[in-house]
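# Remarks on the overall topology
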Amino acid sequence: MALTLKINGKDRNVDVDGETPLLWVLRDDLRLTGTKFGCGVAQCGACTVYVNGQPRRSCVTPVETLEGAEVTTIEGLEGREADAVRAAWAEYDTPQCGYCQSGQIMTAAALLQRNPNPTDEDIDNALAGNICRCATYVRIRKAVKAAGERLEG
Amino acid sequence: MAPYDKPETPIIASRRDFLAGAAGLVIAVSLPVRARAHKGGHGPSRAAFAPNAFVRVAPDNIITVLIKNIEFGQGPWTGLATLVAEEMDADWGQIRAEHAPSNPALYSDPMLGMQLTGGSASMATSYDLMRKAGATARAMLVAAAAKAWGVPAGEIAVDKGVLSHPAGHQGSFGDFAEAAADETAPEDPPLKTADQFTFIGDEKLPKLDTAEKSNGAAEFTLDVYRGGMLTAVVAHPNRFGATVASFDDSAARAVPGVVDVKQVSAGVAVLAENTYAALKGRKALSVEWDESAAESRDTETILSECEAAAQARGAIAHEAGDVDDALANAETVLEADFLFPYLAHAPMEPLDAVIERSADGGVEAWIGSQGTTLDHQMIANVCGVDLAQVKLHVMLAGGSFGRRAQMTSHLAQEAAEIFMAAGGDRAVKLMWTREDDIRGGYYRPVTVHHLRGGLDADGEIIAWEQTVAGQSFAAGTPFEAFMVRNGVDIMMVEGASETPYAVANNAVSAHIIQNPVSTLWWRSVGHTHTGYAVECFIDELLEAGGKDPVAGRLALMTDDYARLAGTLEKAAEIAGWGRDMPEGRALGVASVKSFNSYVSQVAEVSIEGGVPRVHKVWCAVDCGVAVNPEIIRAQMEGGIGYALSAILFNEITLDETGAVEQSNFHDYRSLRISEMPEVEVAIIASDEAPTGVGEPGVPPLGPAVANAVRRLTGAAPRRLPMIRNDFQA
Ligand code: FES
Ligand code: FES
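Residues numbered from 1 in each chain as written. Chains lettered and ligands numbered in written order. Predicted model: local features only at pLDDT ≥ 70, side-chain atom pairs only at ≥ 80, totals over all residues. Heavy atoms only, no water.

A few words on the interface of chain B and chain A. Tallying the contact residues gives 59 residues for chain B and 48 residues for chain A. Roughly 4,400 Å² of surface becomes buried between chain B and chain A when both sides are summed, with 56% attributable to carbon and sulfur atoms. Three residues stand out in chain B for area buried against chain A, namely Tyr 225, Met 348 and Ile 673 of chain B, and they jointly supply 19% of the buried area on that side. Here Lys 280 of chain B makes a salt bridge to Glu 19 of chain A, at a shortest N to O gap of 3.3 Å. For the pair chain B and chain A, the number of links is 28 residue pairs in polar contact (both at pLDDT 80 or more). Contributing elements (two or more residues each) for the side of chain B that touches chain A: α7 (275-284), α12 (434-439), α18 (629-649) and β28 (678-683) of chain B. The element best represented in the side of chain B that touches chain A is α18 of chain B, accounting for nine residues. Tallied by class, the residues present in the side of chain B that touches chain A amount to 26 nonpolar, 21 polar and twelve charged. (Contact = heavy atoms within 4.5 Å. Buried area = accessible area lost by both parts, 1.4 Å probe. Salt bridge = Lys/Arg side-chain N within 4 Å of Asp/Glu carboxyl O. Polar contact = N/O pair within 3.5 Å; in protein donor to acceptor, adjacent residues only side chain to side chain. Helix = DSSP H or I, 4+ residues; strand = E, 2+ residues; numbered from the N terminus. Nonpolar A, V, L, I, M, F, W, Y, C, P; charged D, E, K, R; others polar.)

Structure follows, in structure tokens:
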């Protein structure tokens, strides 16, 4: 089916099987490869994007449900929270292999939009759906806190 | 004196062996002595200066360091570039890293004689090599500047990438990139002494790949898209050792977008115009499997087989004194069996590979290739082309933990077979799903350790008998020749055949028990189980002898393990060992030398809902010169998290028909951020040559947690994962 998607603020036309998960449309059709495949079953968070500003697992989101919706991917993630998160990620050199990090950063920035001053527990709750097999969790925690402080300050 | 013979460990280079092996390599990469100019790279029209296979200096002043080891999170890009920057006196901002292409003549591991990343050896095998590469580049740039300025080279200073002379001359590396190519490479450029280091040991040096890993730009194999490329997924058998009997692809071919269905060695491949069509096509495929040679037993049976074998002594890995006599005369004898399950590596990026026909009739491939030379050879064989006609790009990989280096090169084989079966003209991307990964074998082998220990009337340990039974993944491969000796696979017994502890009478032996389930090295290899068995059992023996776990270990550690003792003292100190613990909490400790690095950890543990909860881990590491302290800390943190996931939650089990029961992260549970302990790392200052950190953070974590659990509950967790038990504090 032919669809018009609003991705990172731009209208993009695609012609795909409507059941195709957004993840594969982003990657195969639009070559936005920053959004990753880790499990395909909403277990790992590597594929996290925003749909109308809310974090969503793109691996289980059929693209046909997104006509008219605003989709943001890691390539289009911007704003105060995103800047603060990326600066903190650099400060702690958080990524190891880096494969999960798009999802971590999308989720972390969404948390800070809701709650710029999260406790360790808030961070753990918000990011518990994002697996990092390299276990960069210690630095993710520190970086999210530091990003929050940057926003407050 | 060491109570055990030092085992020969070809993958893990001793310092002396490394230097001996590296000599030939250094000479090889220095040839031709006259530097080659290198067209292309940075700067469209002017030539870059490539004094050797590891450094390129472009006229735009960018220095590119070629990294012989794959970067999948352990930091070789930054680490090896640090060494070059140090000797060049470069500015960190002008440094870039990229993977060296597959070229065993230039980029081989000196011990293995092939390009392969493993054994936590990237830094150890690069420390002299990369510093020399940097020093050579610097000397040639200085020589070119001296000529241009008409001054003696010795009067030129270099600081942060700027060459200067007191007479007022000043220039950048880029300014002399072209001219330096005409200079002669010095044979033996002097290297800095530790007091001259500015990059090595820098606590704040930023990693080179953080930015691209924070904005989606980092390119992994899965992100490679070639013109006209097909995506392939493969229907693999449910049982190990099964093969395709027949298949019906009519429904699969009816899926829009599916282009072809082909049988390959590993199963049946569905090729499609896009990923979703390939996945849908695979679902519609029906395959009959020939299971006549397949493993049809469950994991309980496989474990029992190992457990039974471990009760009798196996092929001797190490023997000293008379263990039977000592056990017979011991005042107290303790006995324990430790059972270790199959473990999947489950790297975040499932396996993948891209291959296409190149213009000259050869092939070009993109793989997060850890066993680079093996993959290169496999692709050439399957595609029927010369090695020189294969261009293999080593890609960033989303983790590996050992999974991307296989003696069999099965991934490269599968990709190349599909590419050829589909005609060999359209580019193909092979993608494994998480289910393929979890069910696809190449697991840490099932292993059982049987231990008997004897104490005399004073509680001193006088006997240690350890029998290991499990699968060998070296047996039956080209690695067997140097990994299996007298019936003992050295990777099964590493960390047991030689331990830190002086016990007069001991016997360590092994039984190799093969079955069709494929197995592989898993982050820290044999130490994943030997470290656990040794460090849990020594703790039990010390307790039975009325000794403190820290003081008791220190008293037994031989002189060869003075550096391990140093980490144990440090870990105990920062953890406040011996302090009063809050109700329901206990500390446990473990110390393991692996890959020539020394790590001790103390874990603070409680029990929540029958499962251990780890609150904090104190870790002390001695890995020689700390080239990048923050990467070392991060690897300890990551190793701790990776190990904790495994010992708490992870096992791959086969049902009573031999089929794998797990499939994805819902039933092969990964540690989540809410389960990650706080971690404090202390690095022991050292001027020994650096050793690795990718694996050594893993082995002590399991036994440190287990020893705390035993203290808390009275029950020793001897079968992993711990979640099998319902612990009561
Ligand atoms: S790939 Fe979507 S949650 Fe894992
Ligand atoms: S950084 Fe490797 S999985 Fe998170």
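Right, let's get into the sheet that holds strand β7 (residues 162-164) of chain B. Residues and elements named next belong to chain B. The strand order across the open sheet built from three strands is β6-β7-β8, with neighbouring strands paired in antiparallel fashion. Edge positions in the sheet fall to β6 (157-159) and β8 (170-172), since each has one partner strand and no second. Here the average twist between neighbouring strands, direction ignored, is 25 degrees. Pairing analysis gives three bridges linking β7 to β8, with the strands arranged antiparallel. Bridging across to β8, Val 162 finds its partner in Ser 172. Contacts from helix α4 (residues 127-149) reach β6, β7 and β8, with the element oriented near 45 degrees to β7. (Pairing = 2+ DSSP bridges. Axes fitted to C-alpha atoms, helices over the stretch in contact; angles between N-to-C directions.)

Once that is clear, we can look at the packing of α18 of chain B against helix α19 (residues 701-713) of chain B. Residue and element names in this part refer to chain B. As a packed pair, α18 and α19 sit with axes 9 Å apart at the nearest point and diverge in direction by 55 degrees. Relative to α19, α18 is oriented oblique. For the element pair α18 and α19, the recorded crossing hand is right-handed. Counted together, Ile 640, Ala 643, Leu 644 and Ile 647 of α18 and Leu 701, Gly 702 and Val 705 of α19 form the full contact between these two elements. Counted by class, the contact of α18 with α19 contains six nonpolar, one polar and no charged residues. (Parallel < 35°, antiparallel > 145°, perpendicular 65-115°, else oblique. Left-handed = near helix turned anticlockwise from the far one by under 90°.)

What follows deals with the packing of aromatic side chains. In the structure shown here, the tally under the stated rule is 15 aromatic pairs over all chains. Between Tyr 99 of chain A and Phe 220 of chain B, the aromatic rings sit 5.2 Å apart at their centres with planes inclined by 90 degrees, giving edge-to-face as the arrangement. Here Tyr 99 of chain A is found in the loop between α2 (80-91) and α3 (101-114), whereas its partner Phe 220 of chain B is found in the loop between α5 (177-180) and β9 (230-235) on a different chain. Take Tyr 99 of chain A: its relative accessible area is 0%, and that puts it in the buried class. Note on Phe 220 of chain B: relative accessible area 1%, which makes it buried. Look at Phe 240 of chain B and Tyr 443 of chain B: their rings are 5.8 Å apart centre to centre, the planes differ by 80 degrees, and that puts the pair in the edge-to-face class. Taken as a pair, Phe 240 of chain B in the loop between β9 and β10 (243-248) and Tyr 443 of chain B in the loop between α12 and β20 (447-455) lie far apart in primary sequence, 203 residues in all. A network of ring pairs unites the aromatic residues Phe 473, Phe 479, Phe 482 and Trp 521 of chain B as a single cluster. (Phe/Tyr/Trp six-rings, centres within 6.5 Å; stacked < 30°, edge-to-face > 60°. Buried < 20%, exposed > 50% of the residue type's maximum accessible area, 1.4 Å probe, protein only.)

Moving on: the sheet that holds strand β17 (residues 363-367) of chain B. Residues and elements named next belong to chain B. Reading across from one edge, β11-β12-β9-β19-β16-β17-β18 is the order of the seven strands in this open sheet, with mixed pairing throughout. The open sheet is flanked by β11 (258-264) and β18 (390-394), the only strands paired with a single partner. Between one strand axis and the next, the sheet turns through 20 degrees on average, direction left out of account. Direction of pairing for β9 relative to strand β19 (residues 428-431): parallel, over a ladder of three bridges. Its bridge partner being in β19, Ala 232 is matched across the sheet by Leu 430. Contacting β16 (352-357), β17 and β18, helix α10 (residues 372-383) runs over the sheet at an angle of about 145 degrees to β18.

The next subject is the domain arrangement of chain B. Residues and elements named next belong to chain B. If you check the domain split of chain B, you get domain 1 (15-215), domain 2 (221-292 + 351-431) and domain 3 (299-343 + 442-724). Relative placement of domain 2 and domain 3: their C-alpha centres are 37 Å apart. Listed as interface residues are 13 residues of domain 2 and, on the opposing side, 20 residues of domain 3. Taken over both partners, the interface formed by domain 2 and domain 3 buries close to 1,400 Å², and the fraction arising from carbon and sulfur atoms is 70%. Considering only the surface of domain 2 that becomes buried against domain 3, Phe 240, Phe 401 and Met 407 emerge as the three largest contributors, covering 58% of it. Connecting domain 2 to domain 3 are zero salt bridges. (Domains from an automatic or database assignment.)

Next up on the list: empty space enclosed by the protein. Residues and elements named next belong to chain B. Here the structure, examined in full by the defined rule, presents ten cavities of 30 Å³ or more. As for the largest cavity, its lining consists of 44 residues, and the residues nearest its centre are Gly 119, Ser 120, Ala 121, Gly 694 and Glu 695. For the lining of the largest cavity, the secondary structure elements donating two or more residues are α2 (76-88), α14 (490-493) and α18. Sorting elements by how many residues they give to the lining of the largest cavity places α2 first, with three residues. In terms of residue class, the lining of the largest cavity is made up of 26 nonpolar, 15 polar and three charged. Estimated volume of the second largest cavity: approximately 130 Å³. In terms of lining residues, the second largest cavity is bounded by 16 residues, among which Arg 444, Thr 528, Ala 646, Ile 647 and Leu 720 are the most central. Those elements that provide at least two residues to the lining of the second largest cavity are α15 (527-544), α18 and α19. Among the residues making up the lining of the second largest cavity, the classes are represented as eleven nonpolar, four polar and one charged. (1 Å grid on protein atoms, 1.4 Å probe; cavity = no way out; pocket = protein on both sides within 12 Å on 5 of 7 lines; lining within 4 Å. Points joined across faces, edges and corners; volume = space filled by probe spheres on them.)

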